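Chains, contacts and geometry: an overview
This is what each chain is made of:
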Amino acid sequence: GINLSAAWTEELARYVLIWIVFVGAGIGCRRRQLISLEFVVRRLPSLPGQGLVHVGLLLCIGFFALLISVGLAFMELGAVETSPVMQIPKAWVYAAMPFGAGLMILNTAVLIADTLMRRQDVRLVGDTVEGLE
């Protein structure tokens, strides 16, 4: 029989998955579709509920900035490493974290600005089911 092993496919799939997760999270921030506990902010009156969401979003921006810092440190470490099979610099893999976190900061800031400019209830952004109010 033919015994062809394609070890690079497993490695490539892992690296593509890492990039998809970070880029997808960055896109999910724009529509507030990342995992969260909504029952508290939905039970509060409009203004305090929206304020709590905005505070949470600002805290998220701070966390995303930390992710950029950590991701850049990982990239430095990965600059001297190469992947076992494909022999690409690991810095390319580790670049997903600061890139994705940058997208998360950008999209979260746009979400905040957009809802404030439109005077839209930020708690309703990302609702996919009708009548969740």
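Below you will find a few notes about this structure. (Residues numbered from 1 in each chain as written. Predicted model: local features only at pLDDT ≥ 70, side-chain atom pairs only at ≥ 80, totals over all residues. Heavy atoms only, no water.)

1. Focus: the nonpolar core
Counting 9 residues, the largest nonpolar core consists of Phe22, Ala25, Cys29, Phe64, Leu67, Ala96, Met97, Ala101 and Met104. With sequence-adjacent residues up to four places away left out, Met97 is seen in contact with Phe22, Leu67, Val70 and Gly71. Grouped together as the second largest cluster of nonpolar side chains are 8 residues, Val53, Ile61, Ile112 and Val122 included. (Core = buried A, V, L, I, M, F, W, Y, C linked by side-chain atoms within 4.5 Å. Buried < 20%, exposed > 50% of the residue type's maximum accessible area, 1.4 Å probe, protein only. Contact = heavy atoms within 4.5 Å.)

2. Remarks on the state of the cysteines
A complete count under the given rule lists 0 disulfides for this structure. Between Cys29, a free cysteine, and Cys60, which holds the nearest cysteine sulfur, the sulfur-to-sulfur gap is 7.1 Å. In this structure Cys29 comes out as buried when scored by relative accessible area, which is 6%. A relative accessible area of 33% places Cys60 in the partly exposed class. (Disulfide = S-S within 2.5 Å.)

3. Some words on the packing of aromatic side chains
This model, assessed by the stated rule, comprises 3 aromatic pairs. Ring centres 5.6 Å apart and planes at 50° place the aromatic pair Phe74 and Tyr94 in the tilted group. Of this pair, Phe74 sits in helix 3 (residues 46–78) while Tyr94 sits in helix 4 (residues 90–94), placing them 20 residues apart in sequence. Here Phe74 falls in the partly exposed class, since its relative accessible area comes to 36%. For Tyr94, a relative accessible area of 24% corresponds to the partly exposed category. (Phe/Tyr/Trp six-rings, centres within 6.5 Å; stacked < 30°, edge-to-face > 60°. Helix = DSSP H or I, 4+ residues; strand = E, 2+ residues; numbered from the N terminus.)

4. A look at the environment of Lys90
Among the secondary structure elements, Lys90 is positioned in helix 4. Linking Lys90 and Leu77, residues 13 residues apart in sequence, is a C-alpha distance of 8.3 Å. Apart from residues lying up to four places away in sequence, Lys90 is in contact with Tyr15, Gly78, Glu81, Thr82, Ser83 and Pro84.

5. A short note on the layout of surface pockets
Looking at the largest pocket, its volume works out to about 400 Å³. In terms of lining residues, the largest pocket is bounded by 17 residues, among which Arg32, Ile35, Ser36, Leu57 and Cys60 are the most central. Looking at the lining of the largest pocket, the elements with two or more residues in it are helix 1 (7–30) and helix 3. When residues in the lining of the largest pocket are grouped by element, the largest group, 6 residues, is from helix 3. Counted by class, the lining of the largest pocket contains 10 nonpolar, 5 polar and 2 charged residues. (1 Å grid on protein atoms, 1.4 Å probe; cavity = no way out; pocket = protein on both sides within 12 Å on 5 of 7 lines; lining within 4 Å. Points joined across faces, edges and corners; volume = space filled by probe spheres on them. Nonpolar A, V, L, I, M, F, W, Y, C, P; charged D, E, K, R; others polar.)

6. Notes on the pattern of salt bridges
In this structure the tally under the stated criterion is 6 salt bridges. A salt bridge links Asp121 to Arg123; the shortest N-O distance between them is 2.9 Å. Looking at Asp121, the relative accessible area reads 15%, which means it is buried. Connected through salt bridges with shared partners, the residues Arg30, Asp114 and Arg118 form a single ionic network. (Salt bridge = Lys/Arg side-chain N within 4 Å of Asp/Glu carboxyl O.)

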